[in-house]
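Residues per chain, in single letters:
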Amino acid sequence: MPVQIAGPHRIGRARRTVLLTGASGVVGRALLQRLRDFDVVCLVHRSPVSGPNVTAVSGDIAEPMFGLAERAYTDLAARVDAVIHCAAVTAFNRTDGSLETTNITGTEHVAAFAAAANAVLYHVSTAFVDTTVDGDRGRTAIGYAASKSAAEKAVRSSGVAHVILRPSVVIGDSVTGEIAAFQGLHQVAAGMFAGIVPMIPFDPSWPIDFVPADVVADAIACVVENRVSEGEFWLSAGENALRLDESVAVAVELARDLGVSIDAPRFVPPDMFDRLIGPVFLDALPDKIRRNVLRMLEFFTTYLQSGQTKPSSLDELVALGASPLPDQRESLRNTLQYWAAQSGYGQAETERAA
């Protein structure tokens, strides 16, 4: 689809104002670092945010008009030129209704605000919006995927000018590895470092698609800066995704470099694990470790998607001025190194060297 550029909104060269939801999240935090040329109004529900170009407004996307008084809502709409919607519940196992309330109803409220502001809505979805699973494993991810799919439908049916952006697994900054909150990939690394992942029941050749947070933020900001007013963009590695065994090798190499004794996990066929190995292996584990292993299996099942290669729009966005995807191995190592440093790995070795 050709990129559509919006006409000037509130014509003039004045500095533009963006409303950002989910500013304290993984993508939102990275966006705050990138949106330096905008005045950014952050709709804050719980976690405070700050910055030289940031204004915080207390509100809740789950409430009509964000829970604001009518005058405050109208005044906010009059200030805003674009809306970037990152806020979402991403926990797979929520059963309290918050997935639907935040991800679906909240998106409807954000779309209504964008309409009131006559602003383009940049809706951050997920590259795993069409997740399906076979059997029991991965079933808890279905609710999350369904809520994000329904959110996209709400955006499309709202009538507001919109762009849908679908990041894959978001890891830390490509250079520093820094990330606002550790994600499923970090949990897998924690399991490997702790020696509780002796085997991985997936095909080692399957791609695992991840993109650094700064690349995702840059792509989103580039779309906003270019006033793109419609389209769907996949913020994923696509054909450049590492194989699962390549990613595991990066983690194993880092662990050994940090002085952590670790055996490379063995890959076993998924059907063999489910029929023969899994029941015996899992039942023998202590409850806490079993829960951790099951969470890792959920992560892999959801994000490997049976060997599917995700589409990617990054090359198209590079033509608009976005940064290209950096080396995947280096980005992964940097994000795992940041996690390891925050988790205390390597400290003893550093002290001995000193």
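Before any of the text, the structure's been laid out above.
First things first, this report covers the structure right here in the doc. In this text the structure is predicted, and so the values were computed from the model without any measurement.

Rules used throughout
Residues numbered from 1 in each chain as written. Predicted model: local features only at pLDDT ≥ 70, side-chain atom pairs only at ≥ 80, totals over all residues. Heavy atoms only, no water. Phe/Tyr/Trp six-rings, centres within 6.5 Å; stacked < 30°, edge-to-face > 60°. Helix = DSSP H or I, 4+ residues; strand = E, 2+ residues; numbered from the N terminus. Buried < 20%, exposed > 50% of the residue type's maximum accessible area, 1.4 Å probe, protein only. Lys NZ or Arg CZ within 6 Å of the ring centre and 35° of its normal. Contact = heavy atoms within 4.5 Å. Polar contact = N/O pair within 3.5 Å; in protein donor to acceptor, adjacent residues only side chain to side chain.

1. A short note on the packing of aromatic side chains
The final tally for this structure, using the stated rule, is 8 aromatic pairs. For the pair phenylalanine 66 and phenylalanine 113, a centre-to-centre distance of 5.4 Å together with 40° between the ring planes defines the contact as tilted. Placement of the pair is phenylalanine 66 in the loop between strand 4 (54-58) and helix 2 (70-79) and phenylalanine 113 in helix 3 (residues 98-117), with a sequence separation of 47 residues. Each member of the pair, phenylalanine 66 together with phenylalanine 113, is buried. Ring centres of phenylalanine 202 and tryptophan 206 lie 6.2 Å apart, and the angle between their planes is 50°; this geometry places the pair in the tilted category. Exposure class is identical for phenylalanine 202 and tryptophan 206. Each is buried. The ring of tryptophan 234 has arginine 166 lying over it, and the distance from NZ or CZ to the ring centre is 4.6 Å.

2. Considering the environment of leucine 314
Take leucine 314: it is sitting in helix 10 (residues 314-318). Taking the relative accessible area as the measure of exposure, leucine 314 reaches 7% and is therefore buried. Along the backbone, leucine 314 and alanine 219 are 95 residues apart, and their C-alpha atoms lie at a distance of 7.6 Å. Leaving out residues up to four positions away in the same chain, leucine 314 has contacts with Val215, Ala219, Trp234, Leu235, Ser236 and Leu325.

3. Observations regarding the environment of arginine 15
With respect to the element layout, arginine 15 can be found in the loop between strand 1 (4-5) and strand 2 (17-21). Taking the C-alpha atoms as reference points, arginine 15 and aspartate 37, 22 residues apart in sequence, are found 7.3 Å from one another. If near-sequence neighbours (up to four positions away) are discounted, arginine 15 is found in contact with Arg36, Asp37, Phe38, Asp39 and Asn53. Separated by 2.9 Å, the side chain of arginine 15 and the backbone oxygen of phenylalanine 38 make a polar contact. In terms of polar contacts, arginine 15 uses its side chain to reach the side chain of aspartate 39, at 2.8 Å.

4. Details of unusual backbone geometry
Residues other than glycine seldom take positive phi values, yet methionine 65 does so here, at roughly 55°. By the element assignment, methionine 65 lies in the loop between strand 4 and helix 2. A relative accessible area of 34% means that methionine 65 is categorised as partly exposed. Look at arginine 227: it is not a glycine, yet its phi comes out positive at around 55°. Relative to the assigned elements, arginine 227 resides in the loop between helix 6 (213-225) and strand 12 (228-230).

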